[in-house]
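Residue-level listing of the chains:
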There are 2 protein chains.
Amino acid sequence: MEFIDATYEFKCPEGDALARAEALLLEQTVETPRSVALRYPYVREHRMGEVRRVDRLDEQTVRAVLALPFTAESNSPAQFLNVLYGNSSLHPDVSLVDVEPPPSIRAILAGPSFGIAGLRRLVGDPDRPLTCGALKPNGLDVDELAAICRELAEGAIDFIKDDHYLTDDPRAPFRERVRACLAVVDDVSARTGRAVVYIPNLSGSPDEIRSQAEFAQQCGVGAVMFTPMLHGLPQLRALCERELDVPVFAHPSFGGSVSIRPPVLLGKLFRLFGADASIFPNYGGRFGYSEQTCAAIAGNLRAPWRDLAPAFPVPAGGMSADRADELVQFFGRDTILLVGGSLLASESVRERTKQFTERVRKAAELAASTSLKF
Amino acid sequence: MEFIDATYEFKCPEGDALARAEALLLEQTVETPRSVALRYPYVREHRMGEVRRVDRLDEQTVRAVLALPFTAESNSPAQFLNVLYGNSSLHPDVSLVDVEPPPSIRAILAGPSFGIAGLRRLVGDPDRPLTCGALKPNGLDVDELAAICRELAEGAIDFIKDDHYLTDDPRAPFRERVRACLAVVDDVSARTGRAVVYIPNLSGSPDEIRSQAEFAQQCGVGAVMFTPMLHGLPQLRALCERELDVPVFAHPSFGGSVSIRPPVLLGKLFRLFGADASIFPNYGGRFGYSEQTCAAIAGNLRAPWRDLAPAFPVPAGGMSADRADELVQFFGRDTILLVGGSLLASESVRERTKQFTERVRKAAELAASTSLKF
């Protein structure tokens, strides 16, 4: 059996640190009550992982190392992230502080294709740190960018990268920009004997990125830039695997996205990007979201907003069927109540589910009869 | 001219709140010293945006609304995120608290394709909140999942979604799972006259996701689930635009990724996913990363780690050429020193760049002659 070893830190000022670590393990593995998982011999043996160690760092903070079952051969890069820090990322006090992938990881994630040696080779393998400049501000036309490129190249810089705000903007279209800047660095390299490498920024839809990568490589660029957190980390991997024969510079933009508040991310952005329903951790469940936060998420999903269709709020995350009445009152009619493990935990799932759906039906009738707003 | 109106909150216990807001505006627009941007009439007029308002919320906190130039027609969904919260996400104290896209946004982001009305229709438009269950834990085989599915369906649930940990695992392969669960809900729907909708989880590489979406829709699923933050928010958009004729449930997994520490995200994960060089905010620049953090990022990128090639650390973010000596000493040989606006700010970019590259060369020589470790 193989494991991701994931190290988390979390706040635990009082109470049982081991119990908290075990809850986190459950969250990142079977995501059901323990009793549900234990019913299935295969799951019990192969999917529950273990708490490797728990250390109290100070009065507030605990560090725990969890072994999370993961076999690379039968999984994807996206699933690696999911198991590593999917739900646990939603606990406001849980930080991922280290990771050690399983031995089989190479089957799906192979690391840099070129790395330090390959990038060094591009610029003639000088025995020193390398240098890099940037083309910006965005809004310059191709001639202006090429002029700056020339300045940098003539200044004996090794790498010249696009600003990450440079896209396929009509003001400096990707293809024209690449041609112009490559011509500059090729000219300077030829004249001086010093290699100068221009690095265009790939961005846009998956199709656009693919076509940009193809074009740039046909033109002979030495490397490209990409923003993995903006486009999705698995896209970086797909790009490396399928499109690129040159090294890639990763830009950290959006990498701290970190503090997008849930009503914005799960309410507005998910909707704006096309979600018809948005699942979020409900108040009073396993996560720390407040009633106010949840009401704001639901509000943003449903409120009139431009000409966008409203989307369903789907409160979830440790909800129980017992809370049907309360939640119907709280969220109102246009809601999908998602109950996961609590339904499965009962002896008869079917019966428990019936009770739940009945309660929702009744609570809705009651609410409709007592409230004009429902 | 069109703008994204972005509202941020940041810590500003003392000092000039307006100046801080203006710095943030610069970061999210031209990302150069003001003096550089002002040189170009087009940039000055069209790309610099404005601070709409600044309010002090309390002694610690300021809220600012920035107008960020953005024309949807000439941009992508990824670029929308980039302008909205690209670099500013990397300031540990800056939160994005609201967003209002420009009128033209519809050209690239159209919101839900089906929304509440479409999802309601799927289950017969009942006049009440809808209900949803989940198939888990992962590790169950197809028969076991289908059995739970039947339990839930018989319990009169409206929607039954895959757990987000269910992928194309050999234990319950996507295609077999979809067929089996669809057969269950179709059977129950036919027998009871109640619509029950099964929602499979799409995940994996872009190709796998596309092929899963195609298969699931051919089989007749009513909706699908997707984790936008795991796969990249722009992927959600691409999926909606090109692959899906059914509603999509967005799962928040990885949406708080929030507190992945920079040495893990920018050092280990970017490398693991294939970055040959990783740009990160250097200490003493515009961002709050410490020396320790930067050393750890660089360390993780370069350290022997399994059989992965090492990757280049690229410290950046408000660095100046003047710091060449210090930074060469600090980061050592296998480093790409990225200097952006500070090179462009000088009267002669070429000269300034020459000075910079010279200094690096000399500092490297000096370091090599004085330190065995270099």
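Everything here concerns the structure above.
Residues numbered from 1 in each chain as written. Chains lettered and ligands numbered in written order. Predicted model: local features only at pLDDT ≥ 70, side-chain atom pairs only at ≥ 80, totals over all residues. Heavy atoms only, no water.

### Quick word on the packing of helix α6 (residues 142-154) of chain A against helix α7 (residues 174-192) of chain A
The axes of two packed helices give the description: the angle between them and the distance between them. Residue and element names in this part refer to chain A. Between α6 and α7, whose axes approach to 9 Å, the crossing angle comes to 25°. The pairing of α6 with α7 is recorded here as roughly parallel in orientation. The chirality of how α6 crosses α7 is right-handed. Along the contact surface, α6 presents V142, L145, A146, C149, R150, A153 and E154, while α7 presents E176, R177, A180, C181, V184, V185, D187, V188 and R191. When the residues that make up the contact of α6 with α7 are grouped by side-chain class, the tally is 10 nonpolar, no polar and six charged. (Axes fitted to C-alpha atoms, helices over the stretch in contact; angles between N-to-C directions. Helix = DSSP H or I, 4+ residues; strand = E, 2+ residues; numbered from the N terminus. Parallel < 35°, antiparallel > 145°, perpendicular 65-115°, else oblique. Left-handed = near helix turned anticlockwise from the far one by under 90°. Contact = heavy atoms within 4.5 Å. Nonpolar A, V, L, I, M, F, W, Y, C, P; charged D, E, K, R; others polar.)

### Some thoughts on the packing of aromatic side chains
Two descriptors summarise a pair of aromatic rings, namely the distance from one centre to the other and the angle between the planes of the rings. Taken as a whole, this structure holds nine aromatic pairs over all chains when the rule is applied. Where Y283 of chain B meets F331 of chain B, the ring centres are 6.3 Å apart and the plane angle is 35°; that geometry is what we call tilted. Residue Y283 of chain B is found in the loop between β10 (277-281) and α12 (291-302), and its partner F331 of chain B is found in helix α13 (residues 324-331); the two are separated by 48 residues along the sequence. The class for F331 of chain B is buried, based on a relative accessible area of 3%. Judged by centre distance (4.8 Å) and plane angle (75°), the ring pair of F330 of chain B and F331 of chain B falls under edge-to-face. Classification of F330 of chain B by relative accessible area gives partly exposed; the value is 28%. A connected cluster of aromatic rings, assembled from ring pairs, spans Y283, F330 and F331 of chain A. Over the ring of Y42 of chain B we find R171 of chain A, and its NZ or CZ is 3.4 Å from the ring centre. (Phe/Tyr/Trp six-rings, centres within 6.5 Å; stacked < 30°, edge-to-face > 60°. Buried < 20%, exposed > 50% of the residue type's maximum accessible area, 1.4 Å probe, protein only. Lys NZ or Arg CZ within 6 Å of the ring centre and 35° of its normal.)

### A word on the interface of chain A and chain B
Residue-level contacts link 166 residues of chain A with 166 residues of chain B. Summing the contributions of chain A and of chain B, the shared interface buries around 14,300 Å²; its carbon and sulfur component is 61%. Summed over the shared surface of chain A and chain B, the result is eight salt bridges. D334 of chain B is paired through a salt bridge with R120 of chain A; the nearest N and O atoms lie 3.1 Å apart. The tally of links between chain A and chain B comes to 27 residue pairs in polar contact (both at pLDDT 80 or more). Residue composition of the side of chain A that touches chain B, grouped by class: 89 nonpolar, 40 polar and 37 charged. Across two bridges, the pairing between strand β10 (residues 277-281) of chain A and strand β9 (residues 248-250) of chain B is parallel. Note on β9 of chain B: the bridge partner recorded for S278 of chain A is A250 of chain B. (Buried area = accessible area lost by both parts, 1.4 Å probe. Salt bridge = Lys/Arg side-chain N within 4 Å of Asp/Glu carboxyl O. Polar contact = N/O pair within 3.5 Å; in protein donor to acceptor, adjacent residues only side chain to side chain. Pairing = 2+ DSSP bridges.)

### Description of the nonpolar core
Membership of the largest hydrophobic core comes to 201 residues, with the highest contact counts inside it found for L135 of chain A together with L135 of chain B. With residues near it in sequence (within four places) discarded, L135 of chain A still touches L145, I148, C149, L152, I160, K161, D162, D163, L166, C181 and Y198 of chain A. F312 of chain A together with C132, V197 and M225 of chain B belong to the second-largest nonpolar core, a separate cluster that totals 18 residues. (Core = buried A, V, L, I, M, F, W, Y, C linked by side-chain atoms within 4.5 Å.)

### Some thoughts on the pairing of strand β6 (residues 159-162) of chain A
All names here are of chain A. Neither face of β6 is exposed, since F159 and K161 on one face and I160 and D162 on the opposite face are all buried. Where strand β5 (residues 130-135) lies against β6, four bridges are found, and the strand directions are parallel. Opposite G133, over in β6, you have I160 as the bridge partner. What joins β5 to β6 is α6, and the crossover it makes is right-handed. Two strands pair when backbone bridges link them, and β6 and strand β7 (residues 197-199) are joined in this way by three bridges, in the parallel orientation. The residue of β7 that forms the bridge with F159 is V197. This β-α-β element, β6 to α7 to β7, shows right-handed connectivity. (Right-handed = clockwise from strand over helix to strand, strands pointing away.)

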